[in-house]
Amino acid sequence: MIDSLNRLVRRVPVSALYIAGALPPFVLFYMAATGRLGVEPIEALEHELGALGLKLLIVTLAITPLRRFVGLNLLRFRRALGLLTFYYISCHLLVWLFLDVQIAGQIWADIIKRPYITIGMAAWVLMIPLAVTSNNRSVRVLGPRWRQLHRLTYGAAILGAIHFVMLRKGFQLEPLIYLAVILVLLGLRLTPKRPRSTAGIGFRP
Amino acid sequence: MAHRWKNDLSPADATPPWAYLSRRALMLGAAGAGLAGLARPLAAATDDALKPNDWDEITSYNNYYEFGTNKGDPAKNAHMLTTSPWSVRIDGLVDRPGNYDFADIMSEMTIEERIYRLRCVEAWSMVVPWNGFELADLLAMAGVQDGARYVAFETVLRPQEMPGVRFPVLDWPYVEGLRLDEALHPLTIMATGLYGKPIPNQNGAPLRLVVPWKYGFKSIKSVVRITLTDTQPPTSWNKAGPREYGFYSNVNPNVDHPRWSQATERRIGGGLFAGREPTQMFNGYGDQVAALYDGMDLAENF
């Protein structure tokens, strides 16, 4: 089953993911501008883009565990998913800057004074070097340091989820589910690697 | 009651149904014409700043966590709430404690229209044409005793009709409180209607408190109990976050919420390109209510 799924997935061009992934912010913006996102379109657009980015980040983080524990290989989509995450979160930030707050003085005050905004900004800043080095040349030039650098994804994910938990009022379940899923996906990476192959060594003649 | 409050917003400020209906028809046309829909917020920006929000805005964008935490959840789920029969238990330091039937209350009260600004603690605002009666009149019906200093309120709690209470977002039931002089102030009303119609469930049917100079969460919905006490009653948001929500929660642009600024607000209905407006002290009702807080440090008593 997994093999046929892997074969099927291999036939999907990565470019299709880029194109499909690029569209939602435009569609959402059009919906917001024409009254289809409710009576408070700025908040709706901002929250929708943030949630999409966080969901995509979760999918990106799921690729390694899916390959290791399920055998499903989606590795060739990981760069596209990561870059699309950065694109959604950048759109989220742009909406906050230019449609939500608008006032330059208040933007800076919010970034330094409001912990959830500070944390959200930090998560976005962590993603900048990742987006910049998401190309074959950078992988070649940085060598093993590329892998180390891209562990910043883990930090960005945790900060992103905390940002979501902090902005809700009262004790709410939804953002805690996002945080829990991210922690589980990161925790899976800590399990010891290849227990089967080490067991296999003992049986070799 | 020393004096009755005079409305500074006249019925002419309320959007007549033909106006918002035609605006919606225009919207549909604009949406059909594609990006022409962008023109709507620009047109709205030139409207009178005190024009009430339309029915759709007031009834589709609500915070009523008993029905869910998303703004659209109350409109989706509040139909489950049974609002008839309804009675309000008035007890504590009153001469005539008891269960007051909603219909009996309505037959005793004078219903007026009050067009009030509503400022949510989340930094958005509306203008709402309420129908209701002064809370002071209801309290007089029960007879406030001399020792009473505070009024405690409680929202109905019916898990089988309120999907949002399955999760402890807040310590249910929702409770609120006012100082007695705040409760007796002529601006403080119990709203029972909106645009001349019975108040929809998502807005707090069949009767809810409206205290226009305080953040919206003080204006507790679907009230089933009013208790006169001599001690400051607990309030739901204060219990959930004492650092973020004080007992008074007067609208105050100079005292920020720890997580966001309260200096500005966004009027609902301006569309995608609406700017923020400065928030007014006591939500613009300072002339009427500032004297209630003479000598108090409002940053301390937020």
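If you're wondering where the values come from, they're calculated on a predicted model, not measured in any experiment.

### A look at unusual backbone geometry
Residues and elements named next belong to chain B.
In step 1: Cis geometry marks the peptide bond from Ser84 to Pro85; its omega dihedral reads 5°.
In step 2: Cis geometry is adopted by the peptide bond preceding Pro173, which originates at Trp172 and carries an omega value of -5°.
In step 3: In this structure, Pro173 sits in the loop between strand 5 (150-155) and strand 6 (175-179).

### Considering the layout of surface pockets
Residue and element names in this part refer to chain A.
In step 1: Taken as a whole, the second largest pocket spans an internal volume of roughly 1200 Å³.
In step 2: In this structure, the second largest pocket is lined by 33 residues; those nearest its centre are Thr64, Leu75, Arg78, Arg147 and Arg189.
In step 3: Secondary structure elements with two or more residues in the lining of the second largest pocket: helix 3 (41-70), helix 4 (78-101), helix 6 (115-132), helix 8 (144-149), helix 9 (152-167) and helix 11 (195-203).
In step 4: The biggest single contributor to the lining of the second largest pocket is helix 3, with eight residues.
In step 5: Here the lining of the second largest pocket is composed, by residue class, of 16 nonpolar, seven polar and 10 charged.

### A short note on the pairing of strand 11 (residues 264-267) of chain B
Residue and element names in this part refer to chain B.
In step 1: Residues of strand 11 alternate between two faces, with Thr264 and Arg266 on one and Glu265 and Arg267 on the opposite face, all of them buried.
In step 2: In this structure, strand 11 lies alongside strand 12 (residues 277-278), joined through two bridges in antiparallel fashion. Pairing of Glu265 across the sheet is with Glu277, part of strand 12.

### What to know about the side chain of Thr264(B)
In step 1: The residue Thr264(B) is located in strand 11 in this model.
In step 2: With a relative accessible area of 9%, Thr264(B) lands in the buried category.
In step 3: A polar atom in the side chain of Thr264(B) sits 3.4 Å from the side chain of Arg276(B).
In step 4: Those residues in contact with Thr264(B), other than ones at most four positions away along the chain, are Ile103(A), Gln106(A), Arg119(B), Ala123(B), Arg276(B), Glu277(B), Pro278(B) and Thr279(B).

### Some words on the pattern of salt bridges
All names here are of chain B.
In step 1: Under the definition given, this model contains 22 salt bridges over all chains.
In step 2: The partner of Arg225 in a salt bridge is Asp91, and the shortest N-O contact between them spans 2.7 Å. Taken together, the residues span a long stretch of sequence, with Arg225 in strand 10 (residues 223-229) and Asp91 in strand 1 (residues 87-92) at a distance of 134 residues.
In step 3: Of the residues examined, Asp91 reaches a relative accessible area of 7% and is grouped as buried.

### Structural notes on the sheet that holds strand 6 of chain B
All names here are of chain B.
In step 1: Taken together, five strands build an open sheet; the order of strands is 2-1-10-5-6 and the sheet is mixed. Each having just a single partner strand, strand 2 (98-101) and strand 6 make up the two edges of the open sheet. The mean angle between the axes of side-by-side strands here comes to 20°, regardless of whether they run parallel or antiparallel.
In step 2: With four bridges connecting them, strand 1 and strand 2 associate as antiparallel partners. Considered in strand 2, the bridge of Ile90 is made with Gly98.
In step 3: Along the sheet, helix 6 (residues 135-142) contacts strand 1, strand 2, strand 5 and strand 10; its crossing angle with strand 10, the most-contacted strand, is approximately 70°.

### Overview of the packing of aromatic side chains
Residue and element names in this part refer to chain B.
In step 1: All told, the structure shown has 16 aromatic pairs over all chains when counted by the stated rule.
In step 2: Centre to centre, the rings of Tyr61 and Trp124 are 5.0 Å apart; their planes meet at 75°, and the pair counts as edge-to-face. Taken together, the residues span a long stretch of sequence, with Tyr61 in the loop between helix 3 (55-60) and helix 4 (73-77) and Trp124 in strand 4 (residues 124-134) at a distance of 63 residues. An identical accessibility class is assigned to Tyr61 and Trp124; each is buried.
In step 3: Here the aromatic rings of Tyr64 and Phe67 are separated by 4.7 Å at their centres, their planes lie at 85°, and the arrangement is edge-to-face.
In step 4: For Tyr64, a relative accessible area of 2% corresponds to the buried category.
In step 5: The residue whose ring lies beneath Arg117 is Tyr285, and the NZ or CZ to ring-centre distance is 4.9 Å.
In step 6: When the ring centre of Trp55 is taken as origin, the NZ or CZ atom of Lys197, which lies over that ring, is 4.4 Å away.

### Focus on the interface of chain A and chain B
In step 1: Taken together, the contacts link 32 residues of chain A with 38 residues of chain B.
In step 2: At the boundary of chain A with chain B, total buried surface from both sides reaches about 2900 Å², with 57% on carbon and sulfur atoms.
In step 3: Looking at the side of chain A facing chain B, the largest losses of area belong to Val39(A), Arg114(A) and Lys169(A), adding up to 25% of the total buried there.
In step 4: Remark: the boundary between chain A and chain B carries seven salt bridges.
In step 5: The shortest N-O distance in the salt bridge between Glu122(B) and Lys169(A) comes to 3.0 Å.
In step 6: Applying the counting rule to chain A against chain B returns 13 residue pairs in polar contact (both at pLDDT 80 or more).

### Section: empty space enclosed by the protein
If a probe the size of a water molecule is rolled over the atoms, the empty space left behind becomes visible.
All names here are of chain B.
In step 1: The full count for this structure, using the stated rule, is three cavities of 30 Å³ or more.
In step 2: Each pocket or cavity is described by its volume, and for the largest cavity that value is around 400 Å³.
In step 3: What lines the largest cavity is a set of 26 residues, and nearest its centre among them are Asn63, Tyr64, Gly216, Phe217 and Lys221.
In step 4: Considering only residue class, the lining of the largest cavity consists of 16 nonpolar, six polar and four charged.
In step 5: As a volume, the second largest cavity reaches approximately 40 Å³.
In step 6: Residue lining of the second largest cavity: Tyr116, Arg117, Leu118, Arg119, Trp130, Val210, Val211, Pro212, Lys214, Gly216 and Ser219, and that is the complete set.
In step 7: When residues of the lining of the second largest cavity are assigned to their parent elements, the largest contribution, four residues, is made by strand 3 (residues 112-119).
In step 8: For the lining of the second largest cavity, the residue count by class is six nonpolar, two polar and three charged.

### Quick look at helix 10 (residues 173-188) of chain A
Residues and elements named next belong to chain A.
In step 1: Its 16 residues place the ends of helix 10 22 Å apart at the C-alpha level, agreeing with the 22 Å of an ideal helix rising 1.5 Å per residue.
In step 2: Within the span of helix 10, buried status applies to Pro175, Tyr178, Leu179, Ile182, Leu185 and Leu186. For helix 10, the angular spread of the buried residues around the axis is 125°, confining them to a single face.
In step 3: Of the surrounding elements, those touching the buried residues of helix 10 are helix 3 and helix 9.

### Some words on the confidence of the model for chain B
Residue and element names in this part refer to chain B.
In step 1: The predicted model of chain B has a mean per-residue pLDDT of 89, with 84% of residues at 70 or higher.
In step 2: Here residues 20-47 is modelled with pLDDT under 50, and outside its nearest four sequence neighbours on either side it reaches 31 contacts, counting other chains as well.
In step 3: Model confidence for the complex: the whole-complex pTM is 0.86, and ipTM, which rates the interface, is 0.86.

What counts, and where the lines are drawn
- Residues numbered from 1 in each chain as written.
- Chains lettered and ligands numbered in written order.
- Predicted model: local features only at pLDDT ≥ 70, side-chain atom pairs only at ≥ 80, totals over all residues.
- Heavy atoms only, no water.
- Helix = DSSP H or I, 4+ residues; strand = E, 2+ residues; numbered from the N terminus.
- 1 Å grid on protein atoms, 1.4 Å probe; cavity = no way out; pocket = protein on both sides within 12 Å on 5 of 7 lines; lining within 4 Å.
- Points joined across faces, edges and corners; volume = space filled by probe spheres on them.
- Nonpolar A, V, L, I, M, F, W, Y, C, P; charged D, E, K, R; others polar.
- Buried < 20%, exposed > 50% of the residue type's maximum accessible area, 1.4 Å probe, protein only.
- Pairing = 2+ DSSP bridges.
- Polar contact = N/O pair within 3.5 Å; in protein donor to acceptor, adjacent residues only side chain to side chain.
- Contact = heavy atoms within 4.5 Å.
- Salt bridge = Lys/Arg side-chain N within 4 Å of Asp/Glu carboxyl O.
- Axes fitted to C-alpha atoms, helices over the stretch in contact; angles between N-to-C directions.
- Phe/Tyr/Trp six-rings, centres within 6.5 Å; stacked < 30°, edge-to-face > 60°.
- Lys NZ or Arg CZ within 6 Å of the ring centre and 35° of its normal.
- Buried area = accessible area lost by both parts, 1.4 Å probe.
- Expected span 1.5 Å × (residues − 1).
- Arc of directions from axis to C-beta.
- pLDDT = per-residue confidence, 0-100.

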